Amino acid sequence: VLVVDLMFSDVNGLEVCRRVRQAAPETDVVIVTAFDDMQIRKVASQAGAAAFVAKHSAPGTLDDLIQRIFADRQRAAVG
């Protein structure tokens, strides 16, 4: 699981997501950002993000989300 911020100085998190999904499709990418709107969520999903988390809810939500991703992976491996 890769957790990436939406905004970087050189490249944005959406582009990082696209590159990671192309190079390592088994990697789940979670985008974290202060900009929580539906358009950004849609673009993040189109870029291949497994999830999108607003920074104001990130600490507990991010932990829960990562645990869910790993649980989903375990279920997929067994079933």
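On to the overall build of the chain, then. Helix and strand counts for the chain stand at three helices and three strands. Mapped in sequence order, the helices and strands of the chain form the string β-α-β-α-β-α. Whereas a compact globule of 79 residues would reach a radius of gyration of roughly 12 Å, the chain reaches 13 Å, a difference of no more than 12%. Residues counted as buried form 33% of the 79 residues belonging to the chain. The long-range share in the chain, meaning contacts at least 24 apart out of those at least 6 apart in sequence, stands at 48%. Element-wise, carbon and sulfur atoms account for 54% of the exposed surface of the chain, whose accessible area totals about 5000 Å². When the 9 basic and 10 acidic side-chain charges of the chain are each reduced to a single mean position, those positions are 5 Å apart.

Once that is clear, we can look at the side chain of Asp28. Along the chain, Asp28 turns up in the loop between helix H1 (13-23) and strand S2 (29-33). Within the local environment of Asp28, its side chain forms a polar contact with the side chain of Arg73, the two groups lying 3.0 Å apart. Contact partners of Asp28, with chain neighbours within four places excluded, come to Val1, Leu2, Ala50, Ile69 and Arg73.

To continue, consider the environment of Val20. Note that Val20 resides in helix H1. The sequence separation of Val20 and Phe70 amounts to 50 residues, and the corresponding C-alpha distance is 18 Å. Those residues in contact with Val20 that lie beyond four places of it in its chain are Leu2, Pro25, Thr27 and Val29.

A word on the pairing of strand S3 (residues 51-54). The alternating pattern of S3 places Ala51 and Val53 and Phe52 and Ala54 on opposite faces, both of which are buried. As defined by bridge partners, S2 adjoins S3 across four bridges and the pair is classed as parallel. In the strand pairing of S3, Val32 is matched with Val53.

Analysis parameters
Residues numbered from 1 in each chain as written. Predicted model: local features only at pLDDT ≥ 70, side-chain atom pairs only at ≥ 80, totals over all residues. Heavy atoms only, no water. Helix = DSSP H or I, 4+ residues; strand = E, 2+ residues; numbered from the N terminus. Rg over C-alpha atoms; globule rule 2.2 N^0.38 Å. Buried < 20%, exposed > 50% of the residue type's maximum accessible area, 1.4 Å probe, protein only. Contact = heavy atoms within 4.5 Å. Areas by Shrake-Rupley, 256 points an atom, 1.4 Å probe, with all protein chains shown as cover. Lys, Arg positive; Asp, Glu negative; His and termini not counted. Charge placed at Lys NZ, Arg CZ, Asp CG, Glu CD. Polar contact = N/O pair within 3.5 Å; in protein donor to acceptor, adjacent residues only side chain to side chain. Pairing = 2+ DSSP bridges.

From the geometry alone we can't say anything about function, so treat these as descriptive.
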